[in-house]
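Take a look at the letters that make up each chain.
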Amino acid sequence: MQLVSLTASPLEVEAGDTLTISGALRNDGISAAKGIRVSVSSMEDILEETGMGVVYLGSLSSGSQAPFSSSLKVKEAAAPGKYTLMINISFKDDLGREHSSTYPLQIKGYS
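Residues numbered from 1 in each chain as written. Predicted model: local features only at pLDDT ≥ 70, side-chain atom pairs only at ≥ 80, totals over all residues. Heavy atoms only, no water.

In this section: unusual backbone geometry. The amide bond that connects S9 to the next residue, P10, takes the cis arrangement and shows omega of -5°. Mapped onto the fold, P10 is located in the loop between β1 (2–9) and β2 (12–13). Unusually for a residue other than glycine, D45 sits at a positive phi of about 55°. In this structure, D45 sits in the loop between β4 (33–42) and β5 (54–60). Assessed through its relative accessible area of 47%, D45 is described here as partly exposed. (Helix = DSSP H or I, 4+ residues; strand = E, 2+ residues; numbered from the N terminus. Buried < 20%, exposed > 50% of the residue type's maximum accessible area, 1.4 Å probe, protein only.)

Here it is in structure tokens:
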């Protein structure tokens, strides 16, 4: 599974803002990827726990590409600073083995 694009909008957020994480995945494997899950978390605990940070894409056949998007709310108590979001992609192969990769994404908080 290849992450072919990843963006955050906006890149600079204020407390209480909605942040949208978008990207695209491509299955470079030789068989279908199943149960594809993209989750977004913050190392600094600046995101509301709304459950909207998880996107389920289902299956993706070999050679196929699929977009994803997740909207999250920045906590009202978030202070100005640089933050690292972690984008985790997990899926199962045709033998049922779990695979996962994590990608960092930097955003900036301001007041």
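Glancing now at the nonpolar core. Residues L19, I21, L25, V38, V40, L85 and I107 are the most contacted members of the largest nonpolar core, which totals 26 residues. Taken together, the elements giving at least two residues each to this core come down to β1, β3 (18–26), β4, β5, β6 (65–73), β7 (81–92) and β8 (98–109). Here this core gets five residues from one element, more than from any other, and that element is β7. With residues up to four places along the chain from it excluded, the contact list for L19 reads A8, S9, P10, V13, S70, S71, L72, V74, L85 and I107. (Core = buried A, V, L, I, M, F, W, Y, C linked by side-chain atoms within 4.5 Å. Contact = heavy atoms within 4.5 Å.)

The next point concerns the sheet that holds β8. The five strands lie next to each other as β2-β8-β7-β4-β5, forming an open sheet whose pairing is mixed. On the outer flanks of this sheet lie β2 and β5, each paired with one strand and no other. Bridge count between β2 and β8: two bridges; the pairing is parallel. Bridge assignment links V13 to a residue of β8, and that residue is G109. (Pairing = 2+ DSSP bridges.)

A few words on empty space enclosed by the protein. Applying the stated criterion across every chain yields a total of one cavity of 30 Å³ or more. Here the largest cavity defines a volume of roughly 40 Å³. Together, V13, E14, A15, I46, V74, A78, A79, P80, Y83, G109 and Y110 line the largest cavity. Of the residues assigned to the lining of the largest cavity, the class counts are nine nonpolar, one polar and one charged. (1 Å grid on protein atoms, 1.4 Å probe; cavity = no way out; pocket = protein on both sides within 12 Å on 5 of 7 lines; lining within 4 Å. Points joined across faces, edges and corners; volume = space filled by probe spheres on them. Nonpolar A, V, L, I, M, F, W, Y, C, P; charged D, E, K, R; others polar.)

Bringing the sheet that holds β6 into the picture now. Two pairing modes exist for strands in a sheet, parallel and antiparallel, and in both the strands are linked by backbone hydrogen bonds. Pairing in this open sheet of three strands is antiparallel, and the strands run β1-β3-β6 from one edge to the other. Each end of this open sheet is capped by a strand with a single partner; those strands are β1 and β6. For this sheet, the mean inter-axis angle between neighbouring strands, taken without regard to orientation, is 15°. Relative to β3, β1 runs antiparallel, the two sharing seven bridges. In the strand pairing of β3, S5 is matched with A24. (Axes fitted to C-alpha atoms, helices over the stretch in contact; angles between N-to-C directions.)

Without other data, these values stay purely geometric and don't point to any function.
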